[in-house]
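# Understanding the architecture of this molecule
Below are the chains, spelled out letter by letter.
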Amino acid sequence: MHFFEYVDGQLHAEGVPAAELVRRFGTPLYVYSAATLRRHFEAFDSAFAGLPHITCYSVKANSNLGLLKLLGQCGAGMDIVSGGELHRALTAGIPASRIVYSGVGKREAEIRQALEANILMFNVESMGELERLSSVASDMGKTARISLRINPDVDPKTHPYISTGMKKNKFGLDIEQSLAAYSRAMTLPGIEPVGIDCHIGSQLTTLEPFMEALDRIIRFYDRLKGMGLRIEYLDLGGGLGITYNEEEPPHPAEFGKALVGVLKDHPMTLILEPGRVIAGNSGILLTEVVYTKKTPSKDFVIVDAAMNDLVRPSLYGSFHAIKEVTPKGRPVLNVDVVGPICESGDFLAKDRDLPAVEQGELLAVFSAGAYGFTMSSNYNSRTRAAEVLVDGDKATLVRRRETYDDLIALEKDALNG
Ligand SMILES: *Cc1c(COP(=O)(O)O)cnc(C)c1O
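Residues numbered from 1 in each chain as written. Predicted model: local features only at pLDDT ≥ 70, side-chain atom pairs only at ≥ 80, totals over all residues. Heavy atoms only, no water.

Going by the annotation in an unreviewed UniProt entry, the name recorded for the protein is Diaminopimelate decarboxylase, with Fundidesulfovibrio magnetotacticus given as the source organism. UniProt's Catalytic activity (unreviewed entry) comment on the protein is quoted here verbatim: "meso-2,6-diaminopimelate + H(+) = L-lysine + CO2". (UniProt positions renumbered as here; feature names shortened; annotations may be inferred.)

So this is what it looks like as structure tokens:
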């Protein structure tokens, strides 16, 4: 149960009818369920209870302060990939001692900001970054705790845009480069190598790629030990998949059991960076049907949410279930569900069987809690959607809808030239 259920023929988010949320906050509207977020976090975190570990939620999946605060209260640390995400995590009250920083392009100002905050660890992705980190840290009279991000060259068998641990990807260093980088790290002032990191991709639906990567990392760990390095942290990244349609990803408990089996003889603190598996099925996107349109070749349902709100279908060809907020038992039509944006790539679903919905009624796009709002934009000068966090019978507007004033706020000087 995901706490998005039909009660008396009406879709509810926990105790609140979706239609009531729309009356209060309008469409398009992202709706998150607090109970689902807590349940997903606890299911994931408890899977690793057998090992010392920190579950660092991946902020980029959904960075709303309301979610970060809620997950922080559950005991989550955070995995960040920018200075902006660090700012969000700290603002939400996440202790710096539970924050790890990944990403291939950390700028000097961002490195400085993270050192000032005294985060747990940098996941370093290149020699250039290692050298820069050393010089910035020395300059500040600080020491940067680091892991090197290993690219173990395993195929996660996911969409090419979200596989990250293959030789051809921009992420991390291969095993031989990593060995040289650890040797270098041991000699650098301002650097303390404390961990090993990898993140092989997203939306993985089997455990094999994880276990293959882990096997390579453990063998690498033994080589590092031979060099006299004391590795305290093993960061296995995120990537566990979810059910959008008919995928059957392993339950976090299976993932945990498999890892505990391999790691019980290696005295390290495990770090995990789940994003999608926590937030994905904790959110829906509510949208109104603006028009229905029949052409000789196709039926279209034109809704008020678009690729600027939820880009996953356009970007990755992703499937999101779409259902009526108030089902009426009508016959099914094969339709494209499209938005108002001037791009043929602007669709939420293609060739989808959907009841014959009518102008003005509401649809819910499921599994929209991760990589939904965070990937949204203002394309076509569309104001970004509002976000609501529902907890039982209570709905909190955790981000108000953008206004036309917001849209042009940063361009005030443009007319004065
Ligand atoms: C995106 C990302 C994650 C989270 O991935 P999910 O598939 O959402 O779990 C974790 N770690 C790093 C370094 C990432 O870039």
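Now, onward.
### Some points on the UniProt feature "binding site: substrate" (unreviewed entry) in the protein
In the UniProt entry, the feature "binding site: substrate" (unreviewed entry) is given for R276, R312, Y316, E343 and Y371. Spanning 96 residues, the annotated positions stay apart in the fold, the maximum distance between their C-alpha atoms being 27.1 Å. Here R312 is to be found in helix α11 (residues 312-316). Looking at the element boundaries, E343 is found in the loop between β16 (332-338) and β17 (347-355). Given a relative accessible area of 37%, E343 falls into the partly exposed group. (Helix = DSSP H or I, 4+ residues; strand = E, 2+ residues; numbered from the N terminus. Buried < 20%, exposed > 50% of the residue type's maximum accessible area, 1.4 Å probe, protein only.)

### Observations concerning the domain arrangement of the protein
One frequent convention defines the size of an interface as the accessible area lost when the parts assemble. Once the domains are mapped, the protein shows domain 1 (4-32 + 281-408) and domain 2 (34-279). One C-alpha centre belongs to domain 1, the other to domain 2; they are set 32 Å apart. Across the contact, 23 residues belong to domain 1 and 27 residues belong to domain 2. Carbon and sulfur atoms supply 52% of the area that domain 1 and domain 2 bury against each other, a total of about 2,100 Å² over both sides. (Domains from an automatic or database assignment. Contact = heavy atoms within 4.5 Å. Buried area = accessible area lost by both parts, 1.4 Å probe.)

### As for the environment of I191
Tracing the sequence through the fold places I191 in strand β10 (residues 191-197). The spatial distance from the C-alpha of I191 to the C-alpha of A144 is 4.9 Å, given a sequence separation of 47 residues. Once residues lying within four places of it in the same chain are set aside, the contact partners of I191 are L130, L133, S134, T143, A144, I146 and A185.

### As for unusual backbone geometry
Residue P28 follows T27 across a cis peptide bond; omega there is -10 degrees. Tracing the backbone through its elements, the reader meets P28 in the loop between α1 (18-25) and β4 (29-33). In the Ramachandran plot, Q203 falls in the positive-phi region, its phi being about 55 degrees despite a non-glycine side chain. Judged by relative accessible area, Q203 falls into the buried class, the value being 11%. The backbone of D351 shows a phi angle near 45 degrees, a positive value even though the residue is not glycine. In this structure, D351 sits in strand β17.

### Side note on the packing of helix α4 (residues 83-91) against helix α5 (residues 108-117)
Relative to each other, α4 and α5 sit at 25 degrees, their axes nearing to 9 Å. As the angle between them shows, α4 and α5 are arranged roughly parallel. At the point where α4 passes α5, the crossing takes the left-handed sense. When α4 is examined against α5, the residues G83, L86, H87 and L90 are found in contact with a partner set consisting of E110, Q113, A114 and A117. (Axes fitted to C-alpha atoms, helices over the stretch in contact; angles between N-to-C directions. Parallel < 35°, antiparallel > 145°, perpendicular 65-115°, else oblique. Left-handed = near helix turned anticlockwise from the far one by under 90°.)

### Quick notes on the side chain of T287
As for its position among the elements, T287 is in strand β13 (residues 283-294). Since its relative accessible area comes to 1%, T287 is described here as buried. Once residues lying within four places of it in the same chain are set aside, the contact partners of T287 are T27, V303, D304, A305, E361, L362, L363 and V365.

### Focus on the nonpolar core
M78, F122, I146 and I196 are the most contacted members of the largest nonpolar core, which has 98 residues in total. Here this core gets eight residues from one element, more than from any other, and that element is helix α8 (residues 208-226). Taken together, domain 1 (4-32 + 281-408) and domain 2 (34-279) each give at least three residues to this core, which thus spans both. Once residues within four sequence positions are removed from consideration, I146 is found in contact with M121, F122, V124, L130, L133, A185, I191, E192, P193, V194 and G195. Listed in part, the 22 residues of the second largest apolar core include F4, A18, V22 and L362. (Core = buried A, V, L, I, M, F, W, Y, C linked by side-chain atoms within 4.5 Å.)

### A short note on the site of the ligand
Lining the immediate environment of the ligand, one finds 14 residues, of which K60, S202, E273, R276 and Y371 sit closest. For the ligand, the protein covers 94% of the area, taking 390 Å² as the surface of the free molecule. (Near = heavy atom within 4 Å. Areas by Shrake-Rupley, 256 points an atom, 1.4 Å probe, with all protein chains shown as cover.)

### So, the pattern of salt bridges
Across all of its chains, the model carries 21 salt bridges by this definition. With a shortest N-O distance of 3.3 Å, R112 and E108 are connected by a salt bridge. Separated by four residues within a single helix, R112 and E108 lie in helix α5, roughly one turn from each other. By relative accessible area, which is 27% here, R112 ends up partly exposed. The salt bridge partner of E361 is R330, with a shortest N-O separation of 2.8 Å. Taken together, the residues span a long stretch of sequence, with E361 in the loop between β17 and β18 (362-365) and R330 in the loop between β15 (322-324) and β16 at a distance of 31 residues. Among the charged side chains, a network of salt bridges with common partners joins E324, R330, E358 and E361. (Salt bridge = Lys/Arg side-chain N within 4 Å of Asp/Glu carboxyl O.)

### Some thoughts on the packing of aromatic side chains
By the definition in use, this model includes eight aromatic pairs. Measuring from ring centre to ring centre gives 6.3 Å for Y161 and Y316, while their planes differ by 70 degrees; the resulting arrangement is edge-to-face. One end of the pair, Y161, is in the loop between β9 (144-149) and α7 (175-187); the other, Y316, is in helix α11, and 155 residues separate them in sequence. By way of ring pairs, the aromatic residues F44, F48, F210 and F255 are connected into one cluster. The ring of F366 carries the charged tip of K323 above its face, separated from the ring centre by 5.0 Å. Between the NZ or CZ atom of K350 and the centre of the ring of F347, over which it lies, the distance is 4.8 Å. (Phe/Tyr/Trp six-rings, centres within 6.5 Å; stacked < 30°, edge-to-face > 60°. Lys NZ or Arg CZ within 6 Å of the ring centre and 35° of its normal.)

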